[in-house]
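The primary structure of each chain is shown beneath.
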Amino acid sequence: MTGDFLALLQQSPFPSVVGDGHNPMPLEATTVFAFHCADGVIIGGDHRATAGHTIFSDRTEKILELDSHSLMAIAGVPAMAFEMARTLQTAFEFYRRSQLQAMSLAGKVRALSRLLRENLPATLQGVGAVSPVFAGVESDDPGARPVIYFYDPLGAHFEAAAYAGSGSGTTTIKSVLHYLETWGHPRPGEMPLDQAVVLANRLLMTAAEFDAATGGVHAEQQEFATIKLLSTRGIRTISAQEQARFWKDAQP
Amino acid sequence: MTEEPYRWLEAISNRREYIRDRSKGGTPVFAVSRPEGILLLGVGQGQSKVFEIYDRHAVAALGHPVDIEKLRQTAIEAAHLEGFNRSARDVTLRRLISFSLSGMLKNAFEQVFAPPIIVEAIFAELGDSPAQDALVRLHYDGDHQYSTSRVVVAHRETGTETQAAEWISKTLASTDPLPRVANVCLAAWQALNDGKSFQDLAAPSETRLQIPGKVIEAALLDRQLPGPVHYRPLDLK
């Protein structure tokens with residue numbers, strides 16, 4: 001009884017979505033990001049999924065709660081990414097319940113690495129690349145600090161000192177975040193929640209300005225980013241109403 | 001030996017006796033469906049008796065710790081595979097008991113050359129309202145009963161279980177808070193342990209959520225808890 005849900009799953013496998021050489025146009029593109037703020041880690045993303053030049057959906061949720069203390073922002077092919085998130089959600093809960101203790105943060109980080117590595121055939125075929133951002137905090141340590149990890153599509157993981165992003169619009173966002181972290185007053189890491197939420201929305205608006213595959217923010221229509229705050233207390237979803245209030249208060 | 005019917009029946013009978021003998025040290029566990037959720041309670045000496053199984057499912061059991069663990073792991077594996085391959089709503093107590101646990105226990109019980117699984121358990125499934133809650137009493141031989149009342153007790157002597165459950169039901173008012181519910185269960189626990197009759201047993205007049213030298217373990221499948229996971233351990237101190 002190792003608490004390893006993936007080993008259990010291999011005894012009762014779920015069918016692979018990778019076909020036999022037939023390459024449909026994958027759904028992809030996105031902008032997701034995470035950065036440290038004074039209250040923890042802000043993790044956000046847009047709602048758009050595209051297939052080539054077609055907007056497939058503008059209501060996609062890309063910030064997925066894996067358990068009460070970890071999140072995954074997905075970029076890449078949704079079929080694979082959602083399946084990875086679902087597998088991890090089950091694996092983390094399975095471990096916690098069967099072993100009567102929560103999986104360590106390092107264990108969760110490695111679990112996502114393992115799924116990415118096992119997804120290598122789909123990645124190489126060009127139909128299943130996933131490049132996620134992960135944020136988590138040790139659930140059993142009240143003094144623990146939330147951390148951000150980003151991955152390459154083959155499963156290597158890297159801890160981000162201040163911020164991380166993934167998806168087609170992320171280059172723009174990372175440039176802005178680098179600028180703010182270096183010369184900002186306050187830096188994103190010093191911002192209280194309201195300022196950090198406004199910054200997250202402005203980052204997405206900036207990304208959407210240069211990337212057609214990133215859905216923007218339309219404050220006048222109450223359409224905001226998906227934004228969650230991860231702190232030692234767990235995960236808090238910042239509702240659209242709350243974001244609208246922060247947005248309004250920030251207007252000059 | 002098992003080719004001869006009489007010998008087989010004798011072996012089964014001996015097995016029941018053996019299990020009852022090995023269960024003598026076990027103390028009762030309780031499940032009570034309330035407006036707040038389902039309270040599960042057990043009293044032990046450090047060994048856990050109340051466990052989370054899945055988002056809306058939990059178990060309270062007495063028996064051999066290794067066998068409780070075996071039952072718990074089997075239930076957790078079956079529930080998570082079902083939840084992953086279908087959905088969390090497809091994980092139901094009826095399917096867990098009928099297709100995974102009951103058969104496993106019956107097989108273990110009837111294989112007379114292998115050690116039996118010494119366990120008596122209550123499985124609970126949280127519904128949207130108390131009327132939709134499900135409580136199942138599962139025995140060591142796979143036999144099981146779906147409860148039609150809101151209180152289920154599992155004890156080494158099944159005869160007194162019903163009396164205890166009826167007394168708890170009669171003693172509790174629908175508005176009683178959870179500490180009072182736990183207190184009444186503990187009074188029933190003491191009576192069962194001391195072999196007292198429930199006929200003249202008085203309701204506890206004051207809240208006493210401690211038993212010297214014992215660890216009280218309680219959990220709630222909480223109807224109000226946001227998110228998919230409804231199980232939370234209760235601190236009764």
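Please refer to the structure placed before this passage.
About the cut-offs
- Residues numbered from 1 in each chain as written.
- Chains lettered and ligands numbered in written order.
- Predicted model: local features only at pLDDT ≥ 70, side-chain atom pairs only at ≥ 80, totals over all residues.
- Heavy atoms only, no water.
- Axes fitted to C-alpha atoms, helices over the stretch in contact; angles between N-to-C directions.
- Helix = DSSP H or I, 4+ residues; strand = E, 2+ residues; numbered from the N terminus.
- Left-handed = near helix turned anticlockwise from the far one by under 90°.
- Contact = heavy atoms within 4.5 Å.
- Nonpolar A, V, L, I, M, F, W, Y, C, P; charged D, E, K, R; others polar.
- Phe/Tyr/Trp six-rings, centres within 6.5 Å; stacked < 30°, edge-to-face > 60°.
- Buried < 20%, exposed > 50% of the residue type's maximum accessible area, 1.4 Å probe, protein only.
- Lys NZ or Arg CZ within 6 Å of the ring centre and 35° of its normal.
- Pairing = 2+ DSSP bridges.

1. Some details on the packing of helix α2 (residues 65–85) of chain B against helix α3 (residues 93–110) of chain B
Residue and element names in this part refer to chain B.
1) Next: Interaxial distance between α2 and α3 falls to 10 Å at its minimum, and their mutual angle equals 145 degrees. The element α2 and its partner α3 pack so that their crossing is right-handed. Contact residues: α2 offers Leu 71, Thr 74, Ala 75, Ala 78, Ala 79 and Glu 82, while α3 offers Arg 95, Leu 96, Ser 100, Leu 101, Met 104 and Leu 105.
2) Next: A per-class count over the contact of α2 with α3 returns eight nonpolar, two polar and two charged.

2. Thoughts on the packing of aromatic side chains
1) Next: Per the stated rule, a full pass over the model turns up eight aromatic pairs over all chains.
2) Next: A centroid spacing of 5.5 Å and a plane angle of 55 degrees characterise the contact between Phe5(A) and Phe94(A), whose relative ring orientation is tilted. Within this pair, whereas Phe5(A) is found in helix α1 (residues 5–10), its partner Phe94(A) is found in helix α2 (residues 78–99), the two being separated by 89 residues in sequence.
3) Next: When its relative accessible area of 3% is taken as the criterion, Phe94(A) is described as buried.
4) Next: For the ring pair Phe33(A) and Phe35(A), a centre distance of 6.3 Å and an interplane angle of 5 degrees mean the geometry is stacked.
5) Next: In this structure Phe35(A) comes out as buried when scored by relative accessible area, which is 1%.
6) Next: Taken together, Phe5(A), Phe94(A) and Phe84(B) form an aromatic cluster joined through their ring pairs.
7) Next: Over the ring of Trp247(A) we find Arg202(A); its NZ or CZ atom is 5.8 Å from the centre of that ring.

3. Side note on the sheet that holds strand β11 (residues 226–231) of chain A
All names here are of chain A.
1) Next: Strands sit in the order β10-β1-β2-β11-β12 across an open sheet of five strands; the sheet is antiparallel. In this open sheet, the two edge strands, each paired with only one partner strand, are β10 (163–166) and β12 (234–238). Within this sheet the neighbouring strands show an average axis-to-axis angle of 20 degrees, counted without direction.
2) Next: Judged from the five bridges that link them, strand β2 (residues 40–45) and β11 form a sheet pairing that is antiparallel. Bridging across to β11, Val 41 finds its partner in Leu 230.
3) Next: Sheet strands touched by helix α5 (residues 170–183): β1 (32–37) and β10. Its angle to β10, the strand with the most contacts, is close to 170 degrees.
4) Next: Against the sheet, helix α6 (residues 193–210) contacts β1, β2, β11 and β12, and its axis sits at roughly 155 degrees relative to β1.

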